[in-house]
Amino acid sequence: MKIIDAKVIVTCPGRNFVTLKITTDQGLYGIGDATLNGRELAVASYLQDHLIPCLIGRDASQIEDIWQFFYRGAYWRRGPVGMTAIAAIDVALWDIKAKAAGMPLYQLLGGRSRDGVMVYGHANGRDIAETVAEVGKYIELGYKAIRAQTGIPGLASTYGVSKDKMYYEPADNDLPSENLWSTSKYLNSVPKLFETLRDTYGYEHHLLHDTHHRLTPIEAAQLGKSLEPYKLFWLEDAVPAELQEGFRLFRHHTTTPIAVGEVFASIHDCQQLISEQLIDYIRTTIVHAGGITHLRRIAHLAELYHVRTGFHGATDLSPVTMGAALHFDTWVPNFGIQEYMRHTDETDEVFPHDYHFDNGYLKVGDTPGHGVDIDEAKAAKYPYKRAYLPVNRLEDGTMFNW
Ligand code: KDG
Ligand code: MG
C-alpha cells in the first residue's frame, strides 16, 4: 500500500489547526494532527518542505520503519517542532492501518480495557466565588473530575484562567500579551480555593490544579503540603522540568500526587522523572511527542514505575488528537485520566468525529480508524490567523525566568 499523496491543511475555525492527510494508492487515507500552539506554521513547513518529499512512495503499512526513518534520519533529534511533525505522520498511518483492517484503532493497540475514558474539564473564575460556581456547573454536567483555577487577588490577569468557560484558548493576541506573576500572592490564594471547594461540594469529585510551571521545587513543596487536606487528584506542572532531578525536593516533601509532561517531546524528557518515581501522572501527549508509536513506549515505561497516563487535552489539541488519544486511553492498561476541553462548533464541523461525552466519560465509536475526519471545503473557509501564547513578568518588570 503505497503513499501517493500527503497534504498539509491549515485552518482556523476559532483557533489554528494544522492537519496532515496521507492518501494511499488503494484509496484509503489517514488524518494526523500537527498543531503546535503559537508555532503552527513551523510544523507545517517542516512537514511540507522536509518530511513529505521523503514520504511519497513509501509503504504506508511500515509505521515503525517510517517513524525510525524520520526520527533518526533527521540527525537533529527531539524538539517539539520535529516531534509534532513525526506525530502527525504516525497518527495518519495508524488511522490508515486501522481502516485497512476494518477496525477501530483501539482494537489494533490491544483491545478495550475500559468502558469509557474518565475526563476532566476546567472550571475558571475571576475569584474564588466564581470558580466555585463554575465547578458546580461541571458537576451538573456529570463530570467526575474538575480542574479549578482562580484569578489571584492583586494581579490583573493570570495565565490559565480563561475567560471562555467550556473552551480553553490561552493564545490570545497576534503578538504575545503580558501577564504579571507573584508567587507569594499565588501561594496565599490557592489553598483557600480548595478549602472552599471541599467545604461546598465535599470529597466525592476529583479536583485538579495546574500551576503552569511557575514555582521552584521548594515553593512547589510548600504548595503541595498546603493542599494535602483537600486530597487533590493531582497538582500539575508545579515546577518546570528541564531539570528532572529538581523534582526530588518537591516530591519528598508532599503526598499530593504530581503530574507533568504536556510540553515534553520525547521519552528522554521524562525517563528520570518516571524511573525515580518522582511523578504519579505523565501528561506527554500524542501530538507533541511523536505519535502513538512513541507514546506507547512512554506508557510502558511508566507502567513499570506505577505512573499513570493523563494526556493533555486543551482546546489547542485538535479533535484528531482527541480521537487518537481516546483510542489509546481505551486500551492503555495504566490509564489515569484524560483532559477534555471542548472545541467550538466551527471546529467540530471542520473535524467530524464519532467520540461523545457521556456522564463524565468520553466514549469512542467503532468507525474503522481513529474516527476523526476533516471536511476540507469547510476548513478552507477559515484562513490562518497568527496568535501567540502570553509571556509572564514579575511585578517589578523582570521577565519570569524559571
Ligand atoms: O497551548 C498551551 C495550552 O494547551 C496549555 O496552557 C494548557 O496547561 C494547559 C493544560 O493543562 O491544559
Ligand atoms: Mg497544563
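What counts, and where the lines are drawn
- Residues numbered from 1 in each chain as written.
- Chains lettered and ligands numbered in written order.
- Predicted model: local features only at pLDDT ≥ 70, side-chain atom pairs only at ≥ 80, totals over all residues.
- Heavy atoms only, no water.
- Helix = DSSP H or I, 4+ residues; strand = E, 2+ residues; numbered from the N terminus.
- Expected span 1.5 Å × (residues − 1).
- Buried < 20%, exposed > 50% of the residue type's maximum accessible area, 1.4 Å probe, protein only.
- Polar contact = N/O pair within 3.5 Å; in protein donor to acceptor, adjacent residues only side chain to side chain.
- Donors = N, O, S within 2.8 Å, 3.2 Å for Na, K, Ca; no water.
- Phe/Tyr/Trp six-rings, centres within 6.5 Å; stacked < 30°, edge-to-face > 60°.
- Lys NZ or Arg CZ within 6 Å of the ring centre and 35° of its normal.
- Contact = heavy atoms within 4.5 Å.
- Core = buried A, V, L, I, M, F, W, Y, C linked by side-chain atoms within 4.5 Å.

Peer 1: How should I be thinking about helix 11 (residues 319–331) in this particular structure?
Peer 2: Note that an α-helix has 3.6 residues per turn; residues three or four places apart therefore point the same way. Spanning 13 residues, helix 11 covers 18 Å between terminal C-alpha atoms, matching the ideal 18 Å at 1.5 Å per step. Burial of helix 11 is extensive: 13 of the 13 residues sit out of reach of the surface. At the N-terminal boundary of helix 11, the capping side chain belongs to Ser318, with an oxygen 2.9 Å from the backbone nitrogen of Val320.

Peer 1: Would you take a moment to explain the coordination of the magnesium ion (ligand 2) for this structure?
Peer 2: Angles at a metal have ideal values that depend on geometry: 109.5 degrees with four tetrahedral donors, 90 or 180 degrees with six octahedral donors. Bound to the magnesium ion (ligand 2) on the protein side are Asp210 (OD), Glu236 (OE) and Glu262 (OE), at distances that span 2.0 to 2.2 Å. All donor residues of the magnesium ion (ligand 2) come from one chain, and their arrangement in sequence is D-x25-E-x25-E. One end of the pair, Glu236, is in strand 8 (residues 234–236); the other, Glu262, is in the loop between strand 9 (258–260) and helix 9 (271–275), and 26 residues separate them in sequence. The pair Glu236 / Glu262 is uniform in exposure class, with both members buried.

Peer 1: I keep staring at the packing of aromatic side chains and nothing clicks. Help me out?
Peer 2: One pair of aromatic rings is described through two measures. These are the centre distance and the angle between the planes. Across all of its chains, the model carries 16 aromatic pairs by this definition. With centroids separated by 4.9 Å and ring planes inclined at 45°, the aromatic side chains of Trp181 and Tyr186 adopt a geometry described as tilted. Here Phe328 and Trp331 contribute two aromatic rings whose centre-to-centre distance is 5.1 Å and whose plane-to-plane angle is 85°, an arrangement assigned as edge-to-face. Residue Phe328 and its partner Trp331 are located together in helix 11, separated by three residues, close to a single helical turn. Taken together, the ring pairs connect Tyr120, Phe233, Trp234 and Tyr281 into an aromatic cluster. Stacked on the ring of Phe69, the Lys or Arg Arg58 has its end atom at 3.9 Å from the ring centre. For Arg214, the ring lying beneath its charged end belongs to Trp181, and the centroid distance is 5.6 Å.

Peer 1: When you look at the environment of Asp174 in this model, what are you seeing that I'm missing?
Peer 2: Residue position: Asp174 is located in the loop between strand 5 (145–150) and strand 6 (178–181). Since its relative accessible area comes to 40%, Asp174 is described here as partly exposed. Put simply, Asp174 and Gly38 are 136 residues apart on the chain and 9.4 Å apart in space, counted from C-alpha to C-alpha. In contact with Asp174, other than residues within four places in its own chain, are Arg386, Ala387 and Tyr388.

Peer 1: I tried to follow the nonpolar core on my own but got confused; where do I start?
Peer 2: Nonpolar side chains tend toward joint burial in soluble globular proteins. Core analysis: the largest hydrophobic core is formed by 114 residues, its most contacted members being Ile22, Leu47, Ile89, Phe194, Phe247 and Phe328. At 11 residues, the largest contribution of residues to this core is made by helix 3 (residues 80–101). Apart from residues lying up to four places away in sequence, Phe194 is in contact with Ala148, Leu207, Leu208, His209, Leu227, Tyr230 and Leu232. Within the second largest apolar cluster, nine residues are counted, among which are Met118, Ala145, Trp234 and Ala259.

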